[in-house]
Amino acid sequence: LRYLTAGETHGPQLTAIIEGLPSNLKLDFEALNFELARRQKGYGRGRRMQIEKDTAEIVGGVRHGLTTGAPVALVVANNDWTHWRNIMNIEPISGTDEEKRRVHRPRPGHADLNGGLKYNLKDLRNVLERSSARETAIRVAVGAIAKQLLGHFGIKIAGQVIRIGEIEAPPHQLPIDELISKTENSSVRVVDPKTEKLMEAYIDKIKEEGDSIGGIVECIVEGVPVGLGSHVQYDRKLDGRIAQAVMSINAFKGVEIGIGFEAGRLPGSKVHDEILYSEERGYHRASNRLGGFEGGMTNGMPIVVRGVMKPIPTLYKPLQSVDIDTKEPFAAQVERSDACAVPAASVVLEHVVAWEVAKAFLEKFGGDSLEEIERNVKSYLAQLESY
Ligand code: EPS
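Throughout, residues of each chain are indexed from 1 in the direction in which the sequence is written. Local features are withheld for residues below a pLDDT of 70 in this predicted model, meaning they are given only at 70 or higher, and side-chain atom pairs are given and counted only at 80 or more; totals for whole chains, interfaces and linings count all residues.

K.L.:
So what exactly am I meant to see when it comes to the overall build of the protein chain here?
P.N.:
Helix and strand labels come from DSSP, where a helix needs a run of H or I of at least four residues and a strand needs a run of E of at least two; each type is numbered from the N terminus. Counting its secondary structure elements, the protein chain contains ten helices and 17 strands. For the radius of gyration, the atoms used are the C-alpha atoms, and the globule rule reads 2.2 Å times the number of residues raised to 0.38. Taken against the 2.2 N^0.38 rule, which gives 21 Å for 387 residues, the C-alpha radius of gyration of the protein chain at 22 Å falls within 12% of a compact globule. Counting only C-alpha atoms, the protein chain reaches 75 × 50 × 40 Å along its principal axes. Remark: residues whose backbone-derived C-beta atoms lie within 7 Å of one another are considered to be in contact. Considering only intrachain contacts with a sequence separation of at least 6, the fraction spanning at least 24 residues in the protein chain is 69%.

The following block contains the structure:
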């Protein structure tokens, strides 16, 4: 299972091709678009989200609602493109730098300067258009299909916001369905209404100060069988692959599995999860501090992944930078930005994790049709039961 994406934030569309999906998977188009709408929400988003109303169009690999086994091609259109038709024209255009909206002032914290130097581009727009977090829209569309595949096998995925700046959500032990419905009704994707209000007020304050704020998001995957991923090779360790995927989300600076960095502070007796056995549940763990992984393999406990997102570097408050034409310093001023995109990042996290789990799932149970995968899963579960 693999995919690639293409497209710029102010170009006509974002595109993805997914290769390796089995045939006969029934796709729920409404559920797919619901995921895209979830990513657009969240307290602290900027004006761009009022322009876009993301929906995914499937332009290959699906017929009469079912996958055919051929590559699935997806398109998410950018409504904002109508304002950028000339600036983003594929054909050469004449006009001043201003008319072309040429960018020669790199924004600190963005890909602008590194990308300009690396690709030898004197118009930094050619970097920022692709490095924009707009690309997460198509990654969510891709992950939504992975989520539907996993859902068919009873695997559920939830996301929640753990922290926005100085405000932390209190811990809870809610069942996954309740977690999904409570966070869905929250403007900042937390379960506790008091925390929601505190976070909203905090984001307001940050916005007023012309600043931006990051946070921590968490994803939980329940119903995963034992043995996805493998201990035998570095690039088959599923926790490692999830970590890479999380770090590839725009603005993410760290990732933890289970208690994560806490494991460096606690003695072994307080870190490891004791093994239990019962007729009803088979082998399981007394706790889940290791977040569903031992030896790079799933252990049957829920997967728990956290990621930290830095504040968006596009600030109303000026940051110091250097003009690439004049080499003179200037203070970067900005017109439009999201003060906080942490709730949206929680939705993105769910989808990139879903993708990695689905990929490992197909590696383990791979078949060309959904029915073949079902047979493989069934026979493996019987093996586990009789072990
Ligand atoms: C982004 C900048 C903003 C965000 C954008 C990500 O866009 P614009 O430059 O058009 O104001 O709104 O996010 C999205 C468009 C999206 O769909 O999430 C950036 O620089 O990363």
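K.L.:
Just to check I follow, could you spell out the packing of helix H8 (residues 238-247) against helix H9 (residues 342-365) for this structure?
P.N.:
In helix packing, the relevant descriptors are the interaxial angle and the interaxial distance, both defined with respect to the helix axes. Geometry is summarised by axes, namely lines fitted to C-alpha atoms with helices restricted to the contacting stretch, and by angles between N-to-C directions that run from 0 to 180 degrees. Packing of H8 against H9 brings their axes to within 9 Å, and their N-to-C directions diverge by 145 degrees. Between H8 and H9 lies a crossing whose hand is right-handed. Residues Leu238, Arg241, Ile242, Ala245 and Val246 of H8 pack against Leu349, Val352, Val353, Trp355, Glu356 and Ala360 of H9. Under the grouping applied here, Gly and all other residues not named as nonpolar or charged are polar, the nonpolar ones being Ala, Val, Leu, Ile, Met, Phe, Trp, Tyr, Cys and Pro and the charged ones Asp, Glu, Lys and Arg. Its residues assigned to classes, the contact of H8 with H9 comprises nine nonpolar, no polar and two charged. For any pair of crossing helices, the crossing counts as left-handed if the nearer helix is rotated counterclockwise from the farther one by less than a right angle, and right-handed if it is rotated clockwise.

K.L.:
Just to check I follow, could you spell out the UniProt feature "binding site: NADP(+)" (unreviewed entry) in the protein chain for this structure?
P.N.:
UniProt positions are given in the numbering used here, feature names are shortened, and annotations may be inferred rather than shown by experiment. UniProt tags Arg39 and Arg45 as "binding site: NADP(+)" (unreviewed entry). Relative to the assigned elements, Arg39 resides in helix H1 (residues 29-40). Relative to the assigned elements, Arg45 resides in the loop between H1 and helix H2 (48-51). Contact partners of Arg45, with chain neighbours within four places excluded, come to Asp338, Ala341 and Ala344.

K.L.:
How should I be thinking about the environment of Asp204 in this particular structure?
P.N.:
Tracing the backbone through its elements, the reader meets Asp204 in helix H7 (residues 193-208). Buried, partly exposed and exposed are defined by the number of other C-beta atoms within 10 Å of a residue's own C-beta, namely 20 or more, between the two limits, and 12 or fewer respectively, with C-beta atoms placed from the backbone. Given 14 C-beta atoms within a 10 Å radius, Asp204 is considered partly exposed. On a C-alpha basis, the gap between Asp204 and Ala339 in space is 8.6 Å, while along the polypeptide they are 135 residues apart.

K.L.:
Can you walk me through the UniProt feature "binding site: FMN" (unreviewed entry) in the protein chain in this structure?
P.N.:
UniProt's feature table lists "binding site: FMN" (unreviewed entry) at Arg130, Ser131, Ser132, Asn250, Ala251, Gly295, Lys310, Pro311, Ile312, Pro313, Thr314 and Arg336, given in the numbering used throughout. For the residues just named, distributed over 207 residues, the greatest C-alpha separation reaches 44.9 Å, placing them at more than one site. Tracing the backbone through its elements, the reader meets Pro311 in the loop between strand S15 (303-309) and strand S16 (319-322). A tally of 20 C-beta atoms within 10 Å means that Pro311 is categorised as buried. Residues within four places of Pro311 in sequence aside, it is in contact with Ser212, Ile213 and Gly214. A tally of 9 C-beta atoms within 10 Å means that Arg336 is categorised as exposed. Those residues in contact with Arg336, other than ones at most four positions away along the chain, are Gly46, Arg47 and Arg48.

K.L.:
Can you walk me through the sheet that holds strand S1 (residues 2-6) in this structure?
P.N.:
To summarise the sheet geometry, strands pair through backbone hydrogen bonds and adopt either a parallel or an antiparallel arrangement. Paired strands, in this sense, are two strands between which DSSP finds at least two bridges. In spatial order, the strands read S1-S2-S6-S3; together these four strands make up an open sheet with antiparallel pairing. Sheet topology places S1 and strand S3 (56-60) at the edges, where each strand pairs with a single neighbour. Averaged over all pairs of adjacent strands, the angle between strand axes in this sheet comes to 20 degrees, irrespective of strand direction. Judged from the five bridges that link them, S1 and strand S2 (residues 13-19) form a sheet pairing that is antiparallel. In the strand pairing of S2, Arg2 is matched with Glu19. Relative to the sheet, helix H5 (residues 136-152) contacts S1, S2, S3 and strand S6 (72-77), its axis offset from that of S2 by approximately 30 degrees.

K.L.:
Honestly, the packing of H1 against H9 in this entry has me stumped. Any pointers?
P.N.:
Running from N to C, H1 and H9 cross one another at 145 degrees; their axes reach a closest spacing of 7 Å. Along its contact with H1, which presents Glu35, Arg38 and Arg39, the element H9 presents Ala344, Val347, Val348 and His351. Across the contact of H1 with H9, the residue classes tally to three nonpolar, one polar and three charged.

K.L.:
Help me understand the sheet that holds strand S10 (residues 252-257) in this model?
P.N.:
Strand order across the open sheet formed by five strands is S8-S7-S9-S15-S10, with antiparallel pairing between neighbours. This sheet does not close on itself; its edge strands, each paired only once, are strand S8 (167-168) and S10. Alignment of strand S7 (residues 156-164) against strand S9 (residues 215-222), held across eight bridges, turns out to be antiparallel. Across the sheet, residue Arg163 finds its bridge partner in S9, namely Ile216. Along the sheet, helix H6 (residues 176-184) makes contact with S7 and S9, crossing S7 at roughly 55 degrees.

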